Amino acid sequence: MDGTGLLKLNERQKQCLRLVYANLEAKEIARQLGLSPHTVTEHLRDARRVLGVSRSMHAARALVEWERGHEANPPVPNPIGVASEDDSPTEQIGRAH
């Protein structure tokens, strides 16, 4: 599964899926997030529909694995005057002074 569907999830759907991944039931998720179990069930149903999967755990696993992959490579700002690995030696020399 690519990240396209995952980017369409809202934050509450993601929260519910993360807790599903932690093996919590809808009632437990509801208590933790201050929601009704029915609302949690609706968030999970909507998330499954967006991702095109039949089980909440499949959706949860996809989200967690995708987020882990993106945490490993967070964008790092490049301060002015500091060369990045992608810069050619010519560009590095031009910015050094």
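All figures in this text were calculated on a predicted structure; none of them were measured in a lab.

Engineer: Is there a simple way to explain the packing of helix α2 (residues 11-21) against helix α3 (residues 26-33) in this structure?
Structural biologist: Angle between the axes and distance between the axes are the two parameters that describe a pair of packed helices. Contact geometry of α2 with α3 gives a least axis separation of 10 Å together with a crossing angle of 130°. By the angle between their directions, the pair α2 and α3 is classed as oblique. Every pair of crossing elements has a handedness; the one defined by α2 and α3 is right-handed. Judged by residue contacts, R12, Q15, C16, L19 and V20 of α2 engage I29, Q32 and L33 from α3. Its residues assigned to classes, the contact of α2 with α3 comprises five nonpolar, two polar and one charged.

Engineer: Explain the packing of α3 against helix α4 (residues 37-51) here, please?
Structural biologist: Two elements in contact, α3 and α4, have axes separated by 8 Å at closest approach and are oriented at 105°. When the axis of α3 is compared with that of α4, the two are roughly perpendicular. Mapping the contact onto sequence places A26, K27, I29 and A30 in α3 and P37, V40 and T41 in α4. Residues that form the contact of α3 with α4 fall into these classes: five nonpolar, one polar and one charged.

Conventions we followed
- Every chain begins its residue count from 1, and numbering advances along the sequence as written.
- The model is predicted, so local features are restricted to residues of pLDDT at least 70 and side-chain atom pairs to those at 80 or more, both for listing and for counting; the totals for chains, interfaces and linings are taken over all residues.
- Side-chain calculation: all heavy atoms of the structure are included, whereas hydrogens and water are not.
- Axes, fitted as lines to C-alpha atoms, cover a helix only where it is in contact. Angles between the N-to-C directions of the axes lie from 0 to 180 degrees.
- Under the DSSP-based scheme used, a helix requires at least four consecutive residues in state H or I and a strand at least two consecutive residues in state E, with every element numbered from the N terminus.
- An angle counts as roughly parallel when it lies under 35 degrees, as roughly antiparallel when it exceeds 145, as roughly perpendicular when it falls between 65 and 115, and as oblique in every other case.
- What makes a crossing left-handed is the near helix being turned counterclockwise from the far one by less than a right angle; a clockwise turn instead makes it right-handed.
- Every residue pair with non-hydrogen atoms within 4.5 Å of one another is taken to be in contact.
- As a working rule, the residues Ala, Val, Leu, Ile, Met, Phe, Trp, Tyr, Cys and Pro are called nonpolar, Asp, Glu, Lys and Arg charged, and the rest polar, with Gly in that last group.

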